[in-house]
Amino acid sequence: MVSESLSTNTDKDPLWDPTLPSDALVQALEQTLKPLRVKPNLPKEFIRSVQPMRPRQLASKRVVRWLSLAAGLSILALFLGHQYRLSWPTSKAWTSVFSDASGQASHIALLPGEHVRTATAQFSELRVARIGSIKVAQNSELQLLETSAGQHRVKLNYGQMRAKIWAPPGYFAVTLDDVDIIDLGCEFELWKHPDGERGLQVQSGWVEARVHGQEILVPSGHRLSINAQTATTPVRMGASTKWLAQLQILDALLASKNIDSDAINLSAQKLTALSSEADRYSLLSLLTRFPALADSAIYPRLAGYLGQSDQGNHRSAWRAGDQRAINAWWAKLPNQPKQWWRHWADAW
Amino acid sequence: MQSPQADQTQRQIIDWVQSARRGSQRAYADLYRRFSPLVHSILLGRCRHAHAEELTQECFAVAFARLDQLNDPEKFGPWIATIARRIAVSDPHPSEGVTSQESVMSHSVDAVSTPEQYLDVEKVLQALMTLPEAYREALTLRLVEGLSGREIAALTGLTHDSVRVNLHRGMDKLRQKLSVKGADLQRNKEPNYGE
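Residues numbered from 1 in each chain as written. Chains lettered and ligands numbered in written order. Predicted model: local features only at pLDDT ≥ 70, side-chain atom pairs only at ≥ 80, totals over all residues. Heavy atoms only, no water.

J.: Summarise the packing of helix H2 (residues 25-44) of chain B against helix H3 (residues 49-65) of chain B; cite the residues concerned and give the values.
T.: Residues and elements named next belong to chain B. One way to put it is that H2 packs onto H3 with a least axis distance of 9 Å and a crossing angle of 135°. When the axis of H2 is compared with that of H3, the two are oblique. Regarding H2 and H3, the two cross each other, and that crossing is right-handed. Between H2 and H3, the residues in contact are Tyr 28, Leu 31, Tyr 32, Phe 35, Ser 36, Val 39, His 40, Leu 43 and Leu 44 and His 49, Ala 52, Glu 53, Leu 55, Thr 56, Gln 57, Cys 59, Phe 60 and Phe 64, respectively. A per-class count over the contact of H2 with H3 returns 12 nonpolar, five polar and one charged. (Axes fitted to C-alpha atoms, helices over the stretch in contact; angles between N-to-C directions. Helix = DSSP H or I, 4+ residues; strand = E, 2+ residues; numbered from the N terminus. Parallel < 35°, antiparallel > 145°, perpendicular 65-115°, else oblique. Left-handed = near helix turned anticlockwise from the far one by under 90°. Contact = heavy atoms within 4.5 Å. Nonpolar A, V, L, I, M, F, W, Y, C, P; charged D, E, K, R; others polar.)

Have a look at this one:
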């Protein structure tokens, strides 16, 4: 047994104390292996070659450690701050500041179901939980429908408002009669004038308009008109009057119940002739809403603007409404709708 | 609780490490003298013995260059042992699978004097390498480096009881292996043993 060979008295144990006489095998092993023993002295040239850490190197390492720690704590603080920013107790009141032309201001709390109504020369600014703010123009009425973490809804009954929100898509939405305006992390204006004109204009980020079952994405620098039946195509601010007029004709033809393919193709051809690269988003939106337009002159022009070609029957796939074919061109846009965090300047 | 002698040894190691950090060549030499048997025995159990001494120096070069990463200077022993094990893993000439002939060809002849003696070294080392790590390291420190059990315990950080158990169990296993595999060793060396 192994345990039987263990010596409990280290004073008489030759394995424990090499100076004591040991058995033949241990002696033989010692004699055989002794030549392999490491030389106790380090070669002088080796010692000279060792480069000690210089104080500056040590200091810079300490600085790097502290900076790493500080960076880690900052990231944690930002994360916790962001979580706090997105949180909000259900149905907790928003704060609203009324001001008029004389400069007088008054604060009120706005609960779900309550209105903010402004008269001539009167304005209001609301804090949207902790994620942004709404400015209500004169002669407007805004109703708070509901508020809770990730779910803030208002209704613009009439007038004009400007929202500045920095939060993940869908956290904030505005109802405008039968239209839902979904914030995708942005700044935008929305109006409903007494003459019935309705529309929105996006200053930064993206907005999604849900109009009669259609989902229309509106990017920064574009506006969307909403008529009684449907939404139109988003157009860039600064588009020429001629181009806008031609787009209106095409939009009307596409909305018509009696589809006239020849007229649509001719109108699309005229619109394309007036288009520039700055109109690429409008053309992309048109093609997305009406995939059959892939047969028109719009497709090759847009392909050129996006640096694409009709590879692998992409055009026929688009015409058939293939979502992968459509997404492939959307992915070519430099500013993607889902990258809401890039508009961090809207947080303030 | 540690003995006064152990405390003194620990303080000495801390002093050496702190001096080495300031570039003291004397401290490098002291650390090498104290811990090279430990590093060498680890490498000897894992690499070709012809490379063990060279790798030992390489291990110290790595350790001295990274001394600022050692948070607790009194743990220099376990720390450099870890470095040695990593170096052994990355060694392109591991001991396993090496035939005796290959080793003979790659061996520098300063350490052993005759081919017969070399053959014995190979047999013993091969038998040692089959032992569990704890037994192998303790026995290598005892049989190759000639350290006492007390010195092995101080170097490895193990208790005296653990070292004694490792030495005896390792020796029992080595006896069994050598009696099966290396009868030649006994027979060839018998005239020189003379009890």
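There's plenty left to go through after this.
J.: Summarise unusual backbone geometry; cite the residues concerned and give the values.
T.: Excluding glycine, residues mostly have negative phi values, and the peptide bonds linking residues are mostly trans. Residue and element names in this part refer to chain A. Located in the positive-phi region is Ser 91, a residue other than glycine, with phi close to 65°. By secondary structure assignment, the location of Ser 91 is in the loop between helix H3 (55-86) and strand S1 (94-100). What makes Ser 91 partly exposed here is its relative accessible area of 38%. If you check the backbone angles, Ala 121 has positive phi at about 65° while not being a glycine. Within the secondary structure, Ala 121 is located in the loop between strand S3 (115-117) and strand S4 (122-128). In this structure Ala 121 comes out as partly exposed when scored by relative accessible area, which is 28%. (Buried < 20%, exposed > 50% of the residue type's maximum accessible area, 1.4 Å probe, protein only.)

J.: Any chance you could break down the confidence of the model for chain A for me, citing the residues and the numbers?
T.: Residue and element names in this part refer to chain A. Mean pLDDT over chain A stands at 85; residues scoring 70 or higher make up 87%. Confidence scores differ between elements of chain A, with helix H2 (residues 44-49) showing the lowest mean pLDDT of 70 and strand S7 (residues 151-165) the highest of 95. Segment residues 1-5 is flagged for pLDDT under 50; beyond a separation of four residues in sequence, or across chains, it makes four contacts in the model. (pLDDT = per-residue confidence, 0-100.)

J.: Provide a residue-level description of the pattern of salt bridges, including the pertinent values.
T.: Should the charged atoms of two oppositely charged side chains come close, the side chains can pair. Residues and elements named next belong to chain A. As enumerated under the stated definition, the model contains 22 salt bridges over all chains in all. With its nearest N and O atoms 3.0 Å apart, the salt bridge here joins Asp 177 to Lys 192. With a gap of 15 residues between them, Asp 177 in the loop between strand S8 (172-176) and strand S9 (179-183) and Lys 192 in strand S10 (residues 187-192) connect regions that are remote in the sequence. The shortest N-O distance in the salt bridge between Asp 295 and Arg 319 comes to 2.4 Å. Placement of the pair is Asp 295 in the loop between helix H6 (280-289) and helix H7 (298-305) and Arg 319 in helix H8 (residues 314-319), with a sequence separation of 24 residues. Judged by its relative accessible area of 37%, Arg 319 falls in the partly exposed class. Through salt bridges with shared partners, one network takes in Asp 177, Asp 178, Lys 192 and Arg 198. (Salt bridge = Lys/Arg side-chain N within 4 Å of Asp/Glu carboxyl O.)

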